[in-house]
Amino acid sequence: MYEILRARNTIALVLFMAAALGGVALRAADSSGNAGQEAFAQCAACHSTDGSNGVGPSLKGIVGRASGGAPGFAYSNAMKHARLTWTAATLDKYIANPQAVVPGNVMPYAGMSDPGQRSALIAYLSTLK
Ligand code: HEC
């Protein structure tokens with residue numbers, strides 16, 4: 001079990017680095033693009049917008065959804081028991097500092113520090129119905 005979790009974390013870390021590099025490339029290629037969609041490049045390696053789960057649960061319909069609520073995704077115990085509703089306010093805090101909001105959750109993402117980038121991202125997430 002421990003080995004499986006470790007392997008999963010390694011894969012997640014590699015994907016995270018790929019996402020970070022991909023984000024840089026995307027920004028360079030399209031500086032006129034939608035800021036929220038552009039910020040989502042930091043999430044897209046792990047999160048789909050179409051309802052399918054990957055390394056992370058799909059973020060389709062995330063605004064208004066209960067935490068730990070994507071059907072079929074194997075959440076950590078921390079996320080299963082977080083008992084949050086993902087609103088603009090809770091998402092803003094979580095994206096800024098995931099470990100502060102849901103201690104022990106296994107999302108390998110350190111946080112997005114720019115408030116403007118977070119609000120553009122959350123506006124984009126709210127379009128994912
Ligand atoms: C390297 C992979 C990875 C990246 C990058 C990542 N996430 Fe996650 N995310 C996860 C995983 C894995 C979970 C499940 C955490 C758990 O079960 O503890 C998660 C959970 C979440 C949740 C809770 C979902 C629910 O159904 O309760 C939200 C919201 C979320 N991520 C948003 C984001 C956003 C927004 C970004 C980009 C800024 C992002 N994530 C970047 C892997 C990632």
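Read on for an overview of the structure. (Residues numbered from 1 in each chain as written. Predicted model: local features only at pLDDT ≥ 70, side-chain atom pairs only at ≥ 80, totals over all residues. Heavy atoms only, no water.)

Moving on: the coordination of the iron atom of the ligand. Looking at the iron atom of the ligand, the protein donor atoms are His47 (NE2) and Met107 (SD), and they sit 2.0 Å from it. Considering all 6 donor atoms around the iron atom of the ligand, angles at the metal cover 87 to 178° and the coordination shape is octahedral. Note that His47 is positioned in the loop between helix 2 (35–39) and helix 3 (77–80) and Met107 in the loop between helix 5 (98–101) and helix 6 (115–125), a separation of 60 residues in sequence. (Donors = N, O, S within 2.8 Å, 3.2 Å for Na, K, Ca; no water. Tetrahedral: all angles 85-135°; square planar, octahedral: opposite > 155°, others 65-115°. Helix = DSSP H or I, 4+ residues; strand = E, 2+ residues; numbered from the N terminus.)

Below, the discussion takes up the environment of Lys80. Along the chain, the position of Lys80 falls in helix 3. It is 5.1 Å that separates the C-alpha atoms of Lys80 and Gly68, two residues lying 12 residues apart in sequence.

Attention shifts here to the packing of aromatic side chains. Applying the stated criterion across every chain yields a total of 3 aromatic pairs. On the basis of an interplanar angle of 55° and a centroid distance of 5.4 Å, the ring pair of Phe40 and Tyr124 is categorised as tilted. Residue Phe40 is found in the loop between helix 2 and helix 3, and its partner Tyr124 is found in helix 6; the two are separated by 84 residues along the sequence. In this structure, Phe40 and Tyr124 share a single accessibility class: buried. Centre to centre, the rings of Trp86 and Tyr94 are 4.9 Å apart; their planes meet at 50°, and the pair counts as tilted. Look at Trp86 and you get buried, because its relative accessible area is 4%. (Phe/Tyr/Trp six-rings, centres within 6.5 Å; stacked < 30°, edge-to-face > 60°. Buried < 20%, exposed > 50% of the residue type's maximum accessible area, 1.4 Å probe, protein only.)

Turning our eyes to something else, we now look at the side chain of Asn105. Along the chain, the position of Asn105 falls in the loop between helix 5 and helix 6. Reaching out from Asn105, the side chain makes a polar contact with the backbone oxygen of Val102 at a distance of 2.8 Å. Not counting residues within four places of it along the chain, the set of residues in contact with Asn105 comprises Ser76, Ala78, Met79, Tyr94, Pro98 and Gln99. (Polar contact = N/O pair within 3.5 Å; in protein donor to acceptor, adjacent residues only side chain to side chain. Contact = heavy atoms within 4.5 Å.)

Its place among the elements puts Ala123 in helix 6. Under the relative-accessibility criterion, Ala123 is labelled partly exposed at 44%. For the pair Ala123 and Gly36, spaced 87 residues apart in sequence, the C-alpha to C-alpha distance is 6.7 Å.

Everything listed here is a matter of geometry and, on its own, says nothing about what the molecule does.
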